[in-house]
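These are the residues of each chain, in order.
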Amino acid sequence: MSYKFRLQKVLDVKEKAEDNKKNEVYIVNKELLKANEQLQELKLELTQKGIEREEKNKEGTSIIEIVQLNKYIDYLCSLIKNKEIEICELNKKLEIKKEEYIESRKERKSYENLKDKDYARYMIKEAKEEEKIIDEIVSFSSRKL
């Protein structure tokens, strides 16, 4: 008789759920890294445009060009602000996903602990049955002699 855990299907479902949560954490983390890269690119472009504006002011460029450049700088500032908000939301989402992953991991571990305890009981039961069979064989052999 081989060992079969009666809650194996539940354990399988919990393992799959844990894998799904782990993938969700990975995806959100990847999105967060991408958003941070985009933010750094926007900040770099803002710095470059600020330097460009200073140079144009020194050169005495037309007011129209300066106004257009200022509008673009304002646009970059709004993009940066929106990206920072997006990053903040992604950080919150990442924390939630991490908590969900930790919770699903705890559930899976609890079922694995149940399986380990159940297997230990099974092994003890098997050992007792084996001992009983050996005792019967020994008693049968001694009666025969």
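This structure is a prediction, so every number in the text was calculated from the model and none was measured.

**Here's the deal with the nonpolar core**
Stage number 1. Residues Val-25, Val-28, Leu-32, Ala-35, Leu-39, Leu-42, Leu-76, Ile-80, Ile-87, Leu-90, Leu-94 and Tyr-101 constitute the largest nonpolar core, which totals 12 residues.
Stage number 2. Elements with a minimum of two residues in this core: helix H1 (8-59) and helix H2 (63-144).

**Focus on the packing of aromatic side chains**
Stage number 1. One pass over the structure, following the stated rule, counts 4 aromatic pairs.
Stage number 2. Pairing Tyr-3 with Tyr-119 gives two aromatic rings, centres 4.9 Å apart and planes at 80°, and the pair type is edge-to-face. Of the two residues, Tyr-3 sits in the segment before H1 while Tyr-119 sits in helix H2, which places them 116 residues apart along the sequence.
Stage number 3. A relative accessible area of 22% places Tyr-3 in the partly exposed class.

**Some points on the UniProt feature "coiled-coil region" (unreviewed entry) in the chain**
Stage number 1. Taking the numbering used here, the UniProt-annotated feature "coiled-coil region" (unreviewed entry) corresponds to residues 25-59.
Stage number 2. End C-alpha to end C-alpha, residues 25-59 measures 51 Å, and it is 100% helix and 0% strand.

Conventions and cut-offs
Residues numbered from 1 in each chain as written. Predicted model: local features only at pLDDT ≥ 70, side-chain atom pairs only at ≥ 80, totals over all residues. Heavy atoms only, no water. Core = buried A, V, L, I, M, F, W, Y, C linked by side-chain atoms within 4.5 Å. Buried < 20%, exposed > 50% of the residue type's maximum accessible area, 1.4 Å probe, protein only. Helix = DSSP H or I, 4+ residues; strand = E, 2+ residues; numbered from the N terminus. Phe/Tyr/Trp six-rings, centres within 6.5 Å; stacked < 30°, edge-to-face > 60°. UniProt positions renumbered as here; feature names shortened; annotations may be inferred.

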